[in-house]
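Commentary on secondary and tertiary structure
These are the residues of each chain, in order.
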Amino acid sequence: SQTIHQWPATLVQPVGSPLSLECTVEGTSNPNLYWYRQAAGRGLQLLFYSVGIGQISSEVPQNLSASRPQDRQFILSSKKLLLSDSGFYLCAWARGAGSNYGYTFGSGTRLTVV
Amino acid sequence: GDSVTQMEGPVTLSEEAFLTINCTYTATGYPSLFWYVQYPGEGLQLLLKATKADDKGSNKGFEATYRKETTSFHLEKGSVQVSDSAVYFCALSNGKTSYDKVIFGPGTSLSVIP
């Protein structure tokens, strides 16, 4: 069966520090991968998606970036965190090419920038 | 573009009450429709889905029927429990592109009191 792992579960970082959040998927190949952010009391904002190794599309301009160095690995990064980067970050995967199975989400990373 | 609208929350119900959370959508073609649930501090889980008109998705006592004539996918449960307290997201996927983007509604927070 397929599983998705996200870490760390919680993170407290000072303003201006770098960030690296990792997401890996097991039990499937060539998944579509997504990073979402959920600010406190608000809905989901799609940040990045990827349909293959090295292929990254950004939905909103910001000081975050994403990379996909391996088929089942998706990394969210920042060189210098801002207070506004605080939130709950969710990774998700889906079968590709027009699937209607929906997403499977990881358990999330709660990031607090202080 | 495609969009999802949900009733405003928070919704507070007594245990064993009947639940309805309204969801309507705007989309071209024939999207698949989903309900996701997010328990406190966790990622999102797929609750149920429907892939074509008049389909009924069901899971854990929750039901939703895909109504194309009214572009709706309302979530219902006959008797809620305290353990149903969570945030519920309605979503659609049109599957028109290779990245199979899912559009989420803003979420409806449900609190069930004993």
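Residues numbered from 1 in each chain as written. Chains lettered and ligands numbered in written order. Predicted model: local features only at pLDDT ≥ 70, side-chain atom pairs only at ≥ 80, totals over all residues. Heavy atoms only, no water.

Topic: the side chain of Arg68 of chain A
Residues and elements named next belong to chain A.
- Within the secondary structure, Arg68 sits in strand 7 (residues 64–70).
- Assessed through its relative accessible area of 3%, Arg68 is described here as buried.
- Separated by 2.7 Å, the side chain of Arg68 and the backbone oxygen of Pro31 make a polar contact.
- Among the polar contacts listed, one links the side chain of Arg68 to the backbone oxygen of Ser50, at a separation of 3.1 Å. (Helix = DSSP H or I, 4+ residues; strand = E, 2+ residues; numbered from the N terminus. Buried < 20%, exposed > 50% of the residue type's maximum accessible area, 1.4 Å probe, protein only. Polar contact = N/O pair within 3.5 Å; in protein donor to acceptor, adjacent residues only side chain to side chain.)

Quick notes on the pairing of strand 8 (residues 73–78) of chain A
Residue and element names in this part refer to chain A.
- Summarising burial for strand 8: 5 of the 6 residues are buried, a large majority.
- In this sheet, strand 8 lies alongside strand 7 in antiparallel orientation, the contact comprising 5 bridges. If you follow Ser67 over to strand 8, its bridge partner there is Ile75. (Pairing = 2+ DSSP bridges.)

Notes on the sheet that holds strand 9 (residues 75–77) of chain B
Residue and element names in this part refer to chain B.
- Strand order in the open sheet formed by 4 strands is 3-9-8-7, and the pairing between neighbours is antiparallel. Every interior strand has two partners, whereas the edge strands, strand 3 (19–21) and strand 7 (56–59), have only one. The sheet shows a mean angle of 15° between the axes of neighbouring strands, taken without regard to direction.
- Here 3 bridges tie strand 3 to strand 9, and the two strands are oriented antiparallel to one another. Pairing of Ile21 across the sheet is with Leu75, part of strand 9. (Axes fitted to C-alpha atoms, helices over the stretch in contact; angles between N-to-C directions.)

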